[in-house]
Amino acid sequence: MKVSKFGGTSLADAEQIKKVCEIVLSDDDRRIVVVSAPGKRSDADTKVTDLLIATAQACLSGGSGTAEMEAVIARYADITDGLGIPEELPAVRAGLEGLLRLDKSNPAKFMDALKAAGEDNTAKVVAAYLTKNGHKARYINPGEAGMRLTDDFGNARLLDESYEQLARLGDTKERIIFPGFFGTTKNGDVVTFPRGGSDITGAILASAVTADVYENFTDVDYVYSVNPRIVSNPTPIYEITYVEMRELSYAGFAVYQEEALLPVFKRGIPVNIRNVNNPACPGTRIVPKRERPTGEHVVGVANDGDFCCIYVSKYLMNREIGFGRRVLQIVEEAGISYDHTPTGVDNMSVVFKQSQLNDASKATITSRLINELGADDVTFDHDLAMITVAGEGMSHSVGIAARAAGALSNALINIEMISQGCSEVSMFFAVRGPDEKNAVRALYDEFFS
Ligand code: ASP
């Protein structure tokens, strides 16, 4: 059995949805189909999820949200017309308009109820289209199927107890069309995963029914070894391990939601990233172990910007038991989740996404580090970019760091920080924001050209 997930661009309009249905019908093993909300039809377009967020925001700031919701309904009207099922539109419209009347006393809960409607209506429309054309297909409501999540609105996690009930989906005879991105809390409230969360739904279902493969259809032929917007025609990745993919998706590879690896990883289910517009292409396989010719040590170069670093120094810091813990505690109490902590003898740096910092938390952190820990110096360094070089093969090959550092130096790029864990699956180089793209190109050329 295959679980097949289709992303927003694959469902952006009726023509794309027809392609999705052809792909689904071309293989009897594609029995569980997970759908996103309609995405962008062009660069200038807006995703249905973003239209729904705008609608919720309008309602929460006192407006009726009617005009914003009409934009959502118009997207579904185009789709149902294009699919030849206009009779489905009144129910879609009634459902969406009904959402505007929901209780708004908990804004996060209201927001999630609206966000989830994109996936939910798409699944209903796809199931109706397949049924009308004589195929057995059934829309399944995630809450009823047992997709039970924590009540962290917009950032939910699966409750492990869900697996038992979800496993029953594997016995269903007809094709299941399952909306991605959301489930329900124990109280029955609709709650969503983080953005891009339909990938997570698909991974959970693949794991629950122990699928042979989790197919993730998107709009690119492969996962590439570098961001194609920075390097043109980059090397495709045919096979990559979970661990490598995790490192790269953390560091900016947007093809696959980073939280969506865990459910399949636990059961060793391979993920196949494929292109809905080119179904003949085999795509990239994410597997437990990579069978590659020796000599290929680096699989990808990823990048992500907008990091900030707090640099703390104190003479004889290395002798003070608990200093590092207390630094991290102060950072924690400022509500910051950190990514790296490179250290020196008498200094320590904490690197994190700078959107988590504001002027007040910056002032609090500084005064606490100085007053409570006796730090000699506290400096904030903004606008750093992190470039990641990843590959499991790096751990048994000599000279990768030297080559990476050499490539950056030849490109006249100053390395602000280097970090590599003992796992040796990845190396991180912090550079100044304006150097980000050149650093990526230099590292890509070194390892792939
Ligand atoms: N529609 C949601 C989003 O735009 C979830 C998804 O597409 O995976 O984030």
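Placed above this text is the structure.
The numbering scheme is per chain: residues are counted from 1 as the chain's sequence reads. Given that this is a predicted model, residues contribute local features only at a pLDDT of at least 70 and side-chain atom pairs are listed and counted only at 80 or more, while totals for whole chains, interfaces and linings are drawn from all residues. Side-chain figures throughout are based on the complete set of non-hydrogen atoms in the structure, without hydrogens or water.

Caption draft 1: The packing of aromatic side chains, seen in detail. Ring pairs shown here join Phe, Tyr and Trp side chains whose ring centres sit within 6.5 Å, with only the six-membered ring taken for Trp; geometry is labelled stacked below 30 degrees between planes, edge-to-face above 60, and tilted in between. Per the counting criterion, the structure on display carries six aromatic pairs. With centroids separated by 4.7 Å and ring planes inclined at 10 degrees, the aromatic side chains of F6 and F217 adopt a geometry described as stacked. Here F217 lies in strand β7 (residues 213-218) and F6 lies in strand β1 (residues 2-6), a separation of 211 residues in the sequence. Remark: exposure states derive from per-residue accessible area (1.4 Å probe, protein chains only) relative to the maximum for the residue type, with buried under 20%, exposed over 50%, and partly exposed in between. Relative accessible area serves as the criterion here: at 0%, F6 is assigned to the buried category. Aromatic rings pair up to connect Y222, Y224 and Y238 into one cluster. Only when the NZ of Lys or the CZ of Arg is both within 6 Å of the ring centre and within 35 degrees of the ring normal is a charge said to sit over the ring. The ring centre of F307 lies 4.7 Å from the NZ or CZ of K353, which sits over that ring. Here a strand is any run of E in DSSP of at least two residues, a helix any run of H or I of at least four, and the numbering for each starts at the N terminus.

Caption draft 2: Up close: the pairing of strand β4 (residues 175-179). The buried fraction of β4 amounts to five of the five residues, a majority that puts the element mostly inside the structure. What you see with β4 is no split at all: R175, I177 and P179 on one side and I176 and F178 on the other are buried throughout. Both strand β2 (residues 30-35) and β4 contribute to a ladder of four bridges, which runs parallel. Looking at β4, one finds that V34 is bridged to F178. The criterion for strand pairing is that DSSP finds at least two bridges linking the strands in question. Judged from the three bridges that link them, strand β3 (residues 137-139) and β4 form a sheet pairing that is parallel. Across the sheet, residue A137 finds its bridge partner in β4, namely R175.

Caption draft 3: Spatial organisation of the sheet that holds strand β15 (residues 347-353). Spatially, the six strands line up as an open sheet ordered β14-β15-β13-β16-β18-β17, and their pairing is antiparallel. The open sheet terminates on both sides in strands that have one partner only, identified here as β14 (338-340) and β17 (417-420). Put simply, the sheet's adjacent strands are angled 40 degrees from each other on average, direction ignored. Taken together, the seven bridges between strand β16 (residues 377-390) and strand β18 (residues 426-432) define a ladder with antiparallel strand orientation. Within β18, the residue paired with M386 across the bridge is A430. Orientation is described by axes fitted as lines to C-alpha atoms, over the contacting stretch for helices, and by angles from 0 to 180 degrees between their N-to-C directions.

Caption draft 4: View of the nonpolar core. If you look at the biggest cluster of nonpolar residues, it comprises 46 residues, and the most contacted ones within it are V3, L169, F178, L205, Y214, Y256 and V264. At the level of elements, β2, α8 (162-166), β4, α9 (198-208), α10 (242-250) and β11 (271-275) are the ones that each hand at least two residues to this core. Should any heavy atoms of two residues lie within 4.5 Å, those residues are considered in contact. Beyond its immediate sequence surroundings of up to four residues, L169 is in contact with I32, I140, A145, I176, F178, L205 and V209. In this structure, V48, M69, F110 and V125 belong to the second largest nonpolar core, which totals 45 residues. As used in this record, nonpolar core signifies buried Ala, Val, Leu, Ile, Met, Phe, Trp, Tyr and Cys residues forming a set joined through side-chain atoms within 4.5 Å.

Caption draft 5: Up close: the site of the ligand. Neighbouring residues are identified by heavy atoms, a residue being near a molecule or strand if any of them is within 4 Å of it. What surrounds the ligand is the set S36, K47, T49, E119, F181, R195, G196, G197 and S198. Contacts to the ligand include T49, whose side-chain N or O atom sits 2.7 Å from a nitrogen atom. Two N or O atoms count as a polar contact when they lie within 3.5 Å, although within protein this holds only if one can serve as hydrogen donor and the other as acceptor, and sequence-adjacent residues are included solely when both atoms are side-chain atoms. S198 places a main-chain nitrogen or oxygen 3.0 Å from an oxygen atom of the ligand. Values of accessible area rely on a 1.4 Å probe in the Shrake-Rupley scheme; residue burial ignores everything except the protein chains shown. Calculation on the ligand without its partners gives an accessible area of 270 Å², and the protein chains cover 93% of this total. For this scheme, ten residues count as nonpolar: Ala, Val, Leu, Ile, Met, Phe, Trp, Tyr, Cys and Pro. Four count as charged, namely Asp, Glu, Lys and Arg, and the remainder, Gly too, count as polar. Of the residues that constitute the shell around the ligand, the class distribution is one nonpolar, five polar and three charged.

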